[in-house]
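Survey of secondary and tertiary structure
Each chain, written out:
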Amino acid sequence: MEIKRIFENNEKWVQEKLALDPDYFINLSKGQNPNFLYIGCSDSRATAEELMGMQPGQVFVHRNIANSVVSIDNNVNAVIQYAVEVLKVKHIIVCGHYECGGVLAALNSSDLGQINSWLSHLRDVYRIHRKELEAITAEKKRFDRLVELNVIEQCINITKIDHVQRSWYSHSLPKIHGWVFDVRSGRLIDLKFDMEREFNSIKSIYGLMPGK
Ligand code: CO
């Protein structure tokens, strides 16, 4: 019954689109030219297109548990490389969300099997920012702050990627943005990630282009 409903919804959606523009799907089939790559959490509440008011064709999307960018993850690497080199997106957005189950699991001792190794990257973020996080006495506030710091760290991880650095040196794009979706209010919060400042501060370690 639940599945049947999805196909009914789909038919309704097709008819709505066609009523507005009979060529809608013909045009959609011609190709995509999105300006944005959105990297978000797999959480069912933190959608990509819907919360940004975007339509099919406008956002290239990658989602995983806790919106992580891990350098040896072939999947996220392929998505970012394709977005940067082929689609030539102007913006990469890392969007975390408050009440993130992945972040909460990493905050506590929890043995989740296969997920442990994935969450260990989140525990790394905690370790890097331990001082700041442990100075926050309210548990909820500490949880929220780890969500934010995780977004910033994943933005930093994007600056370390070779094809991203190459793209900057050739045409100063893409810009990287760190956002949090506040699931309690529905609002998007811009953490104002300063790509240039952050990269300049770690360039001597992660810069891959000699002489740049
Ligand atoms: Co989440």
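Predicted, not measured: the structure shown is a model, and the values here were computed from it. (Residues numbered from 1 in each chain as written. Predicted model: local features only at pLDDT ≥ 70, side-chain atom pairs only at ≥ 80, totals over all residues. Heavy atoms only, no water.)

**Thoughts on the packing of helix α6 (residues 115–128) against helix α8 (residues 139–159)**
Close contact between α6 and α8 brings their axes to 10 Å; oriented N to C, the two are set at 105°. Overall, the two elements α6 and α8 adopt an arrangement that is roughly perpendicular. Every residue of α8 that contacts α6 at Leu122, Val125, Tyr126 and Ile128 is listed here: Leu146, Leu149, Asn150, Glu153 and Gln154. Within the contact of α6 with α8, the residues separate by chemical class into six nonpolar, two polar and one charged. (Axes fitted to C-alpha atoms, helices over the stretch in contact; angles between N-to-C directions. Helix = DSSP H or I, 4+ residues; strand = E, 2+ residues; numbered from the N terminus. Parallel < 35°, antiparallel > 145°, perpendicular 65-115°, else oblique. Contact = heavy atoms within 4.5 Å. Nonpolar A, V, L, I, M, F, W, Y, C, P; charged D, E, K, R; others polar.)

**Side note on unusual backbone geometry**
With the exception of glycine, most residues fall at negative phi, and the peptide bonds are largely trans. Cis geometry marks the peptide bond from Leu173 to Pro174, where omega comes out at 5°. Tracing the backbone through its elements, the reader meets Pro174 in the loop between α9 (162–171) and β4 (175–182). Phi is positive for Asn67, which is not a glycine, with a value near 40°. By the element assignment, Asn67 lies in the loop between β2 (59–64) and α4 (74–86). Positive phi outside glycine occurs at Lys192, with the angle close to 55°. Note that Lys192 resides in the loop between β5 (187–190) and α10 (195–206).

**Observations concerning a nonpolar patch on the surface**
On the surface, Ile3, Ile6 and Phe7 cluster together into a nonpolar patch covering about 350 Å² of accessible area. By the secondary structure assignment, Ile3 is in helix α1 (residues 2–20). (Patch = residues over 30% accessible without salt bridge, like charges linked within 9 Å, V, L, I, M, F, W, Y side chains within 5 Å. Areas by Shrake-Rupley, 256 points an atom, 1.4 Å probe, with all protein chains shown as cover. Salt bridge = Lys/Arg side-chain N within 4 Å of Asp/Glu carboxyl O.)

**Here we look at the coordination of the cobalt ion**
Protein-derived ligands of the cobalt ion are Cys41 (SG), His97 (NE2) and Cys100 (SG), with the metal-ligand distances lying across 2.0 to 2.2 Å. Read in sequence order, the donor residues for the cobalt ion give the motif C-x55-H-x2-C. Here Cys41 is found in strand β1 (residues 36–41), whereas its partner Cys100 is found in the loop between β3 (91–97) and α5 (101–107), with 59 residues between them in sequence. We note that Cys41, like Cys100, is buried. (Donors = N, O, S within 2.8 Å, 3.2 Å for Na, K, Ca; no water. Buried < 20%, exposed > 50% of the residue type's maximum accessible area, 1.4 Å probe, protein only.)

**Let's talk about the packing of aromatic side chains**
Scanning the model with the defined rule gives four aromatic pairs in all. Ring geometry for Phe60 versus Tyr82: centroids 5.8 Å apart, planes at 40°, classification tilted. Placement of Phe60 in strand β2 and of Tyr82 in helix α4 is noted, with a sequence separation of 22 residues between them. The rings of Trp13, Tyr24 and Phe25 are connected pair by pair, giving a single aromatic cluster. (Phe/Tyr/Trp six-rings, centres within 6.5 Å; stacked < 30°, edge-to-face > 60°.)

**What about the domain arrangement of the protein?**
Looking at the protein, the domain boundaries give domain 1 (1–30) and domain 2 (31–203). Centre-to-centre separation of domain 1 and domain 2, based on C-alpha positions: 31 Å. (Domains from an automatic or database assignment.)

**Describing the sheet that holds β4**
Across the sheet, which stays open at both edges, the five strands sit in the order β2-β1-β3-β4-β5 with mixed pairing between neighbours. Since the sheet does not close on itself, it has two edges, and those belong to β2 and β5, each with one partner. Here the strands of the sheet are splayed against their neighbours by 25° on average, with no regard to which way each runs. Pairing of β3 with β4 involves seven bridges; the strand directions are parallel. Its bridge partner lying in β4, Ile93 is registered against His177. (Pairing = 2+ DSSP bridges.)

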